[in-house]
Every structure is written in structure tokens, then in C-alpha cells.
Amino acid sequence: MSRAPLPLTDHERLIFALDVPGKREALEWVERLDDAVSFYKIGMELLASGEYFDVLEELARRNKRVFVDLKFFDIPATVAGVIKRLSQWPVDYCTIHGWHPGMMEAAAAANTSQMRLLAVTVLTSMGRADLAQMGIDREPVAVVVERALAAQAAGIDGVIASGQEAAPIRAATGAGFSIVCPGIRPGGPAGDDQQRTVGVAQAFADGADAIVVGRPIRLAADPRAAALAIQAEIASARQPR
């Protein structure tokens, strides 16, 4: 059975994508952003450095929340094994692929901690043409909602999905299912590899629990100021109407 959404303060609803090559760069970003960010996503690039769990432990030591974004996808027994071991670490969110119900069921059963598992639906860099090349001739939103419902049925706690699909996911799954939206572009589309993007306020209006932001902060002239501006937008978006 899916766990209730992770209890988050408004400040914790901004997750910074710590896409860096190593521990030194990761900690430089944590210090640069300081109190503007309290939740960090660590992914595949950092894993290749060999310092992944050093960074994870350091984030936890600094009372930061941790999102392990490694998108596990393998036979059920293998994914269950990694989730069981990962649940011993101070992790708040973890991604697995949402393509195989049996694998998702095994992962959910192996999660012995308060870590929330998020199923990857359709990557935000993909559009309908990309899906068609994979033999799926349907609009991304239809595939995303179908996979979100399959994840919920398998006991997965939520999904990571484009903000463009947050509203139909929320309508299909109800209030007790986590939705985390990556590829957020506060200033609108940026011409990069993210195809299905939305702004901050739209993501929360459509039912997102949290958003993941990387390049709009990392490439800003003043990254901390950019993060604080997003925090202000989140607080405004979540005010009762």
C-alpha cells in the first residue's frame, strides 16, 4: 500500500538537482545555496564519481533532505535487493522505473523505511515522437496517467512526472499519492533538452507536492537569489485562495 505523501514544509518543496561530477563540487553548491535550499536530488553523474554515499551522508549531517534519483530498473529480485539496502540510509525520495508492475510490487515490499518510492513515468525530455520510436503511439499524458495508476496499484508512493501531467495524475490517483515534478522552468521554456516543462505556480496549482529545479538555479548569475525567488513563488502559489 502506498505511503501518504512525505510531510514537507513549503521550503522543502524546492528540490535542487545536484548534477555535479564529485563531492567537492556538490558541497560547494550546498554552501553556495546555504539556507535557500534544504532538499537535494543526487543522481547518476555523482554516482560515477565513487563519492555518492559520502555526499548523501554529508547532506544528512547538515540536516538536508535527500532524493536518490537513480531510476532503478531490473528484474524484481534485483530491484528489491537494492531498495532493501537503500532503505537503511537517510533517504526521503528514491526513483524506480514505472514500466513493470512486478518490479514495482517487489520494490514496495522491500522498502522498510519511511523513504518514498517514486515511479518514473515518461522522462520530461521525451515527446510523442520519442514514444512512437519505442512502439508507443500515444500521447505522453495518456502513458503517464496509465503508469501512475499502475504504480499506485503496485504500492509505490508516487511518481516523478512532468508538471504538464500533474493535473490528470492528481485527478486519477487522488490526494494521497505523491507527485514530484522535474524540469521546472520558472522563466518559461529554455530551449534545452527538457520538452514538457511548466512554471512553478502552474505545477503546484495542478497538484505537485514538490518540484525539482536544476539549470535555472545553477546557471543563474546569482544562484542563491534565484533559489530564494523560487521559494517565494512556491510560498505564494501555496497560499489559500
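Residues numbered from 1 in each chain as written. Predicted model: local features only at pLDDT ≥ 70, side-chain atom pairs only at ≥ 80, totals over all residues. Heavy atoms only, no water.

### Overview of the overall build of the protein chain
Line of reasoning, step 1. When its secondary structure is counted, the protein chain shows eleven helices and eight strands.
Line of reasoning, step 2. Taken against the 2.2 N^0.38 rule, which gives 18 Å for 241 residues, the C-alpha radius of gyration of the protein chain at 17 Å falls within 12% of a compact globule.
Line of reasoning, step 3. Principal axes of the C-alpha set define a box for the protein chain whose edges measure 45 × 40 × 35 Å.
Line of reasoning, step 4. Burial statistics for the protein chain: of 241 residues in total, 53% are counted as buried.
Line of reasoning, step 5. By sequence separation, contacts in the protein chain at least 24 residues apart represent 68% of the contacts at least 6 residues apart. (Helix = DSSP H or I, 4+ residues; strand = E, 2+ residues; numbered from the N terminus. Rg over C-alpha atoms; globule rule 2.2 N^0.38 Å. Buried < 20%, exposed > 50% of the residue type's maximum accessible area, 1.4 Å probe, protein only. Contact = heavy atoms within 4.5 Å.)

### Some words on the packing of aromatic side chains
Line of reasoning, step 1. All told, the structure shown has six aromatic pairs when counted by the stated rule.
Line of reasoning, step 2. Ring centres 5.5 Å apart and planes at 45° place the aromatic pair Phe 16 and Trp 29 in the tilted group. With Phe 16 in strand S1 (residues 14-17) and Trp 29 in helix H1 (residues 23-33), the pair connects residues that are 13 residues apart, well separated along the chain. In this structure, Phe 16 and Trp 29 share a single accessibility class: buried.
Line of reasoning, step 3. Between Phe 53 and Trp 89 the ring centres are 4.5 Å apart and the planes differ by 40°, which places this aromatic pair in the tilted class. Residue Phe 53 is located in helix H3 (residues 52-61), and its partner Trp 89 is located in the loop between helix H4 (76-86) and strand S4 (93-97); the two are separated by 36 residues in the primary sequence.
Line of reasoning, step 4. Since its relative accessible area comes to 31%, Phe 53 is described here as partly exposed.
Line of reasoning, step 5. Positioned above the aromatic ring of Trp 29, the side-chain terminus of Arg 32 is 4.2 Å from the ring centre.
Line of reasoning, step 6. Lying over the aromatic face of Trp 99, Arg 147 brings its terminal NZ or CZ to 3.8 Å of the ring centre. (Phe/Tyr/Trp six-rings, centres within 6.5 Å; stacked < 30°, edge-to-face > 60°. Lys NZ or Arg CZ within 6 Å of the ring centre and 35° of its normal.)

### Points about H1
Line of reasoning, step 1. Those residues of H1 not exposed but buried are Ala 26, Leu 27, Trp 29, Val 30 and Leu 33. One side of H1 carries all its buried residues, which in axial view fall inside an arc of 155°.
Line of reasoning, step 2. Lining the buried residues of H1 we find S1, strand S2 (39-42), H3, helix H10 (215-218) and helix H11 (223-237). (Arc of directions from axis to C-beta.)

### Brief notes about the state of the cysteines
Line of reasoning, step 1. Applying the stated rule across the entire model yields zero disulfides.
Line of reasoning, step 2. Left without a disulfide partner, Cys 94 is nearest to the cysteine sulfur of Cys 181, which lies 18 Å away.
Line of reasoning, step 3. Here Cys 94 falls in the buried class, since its relative accessible area comes to 0%. (Disulfide = S-S within 2.5 Å.)

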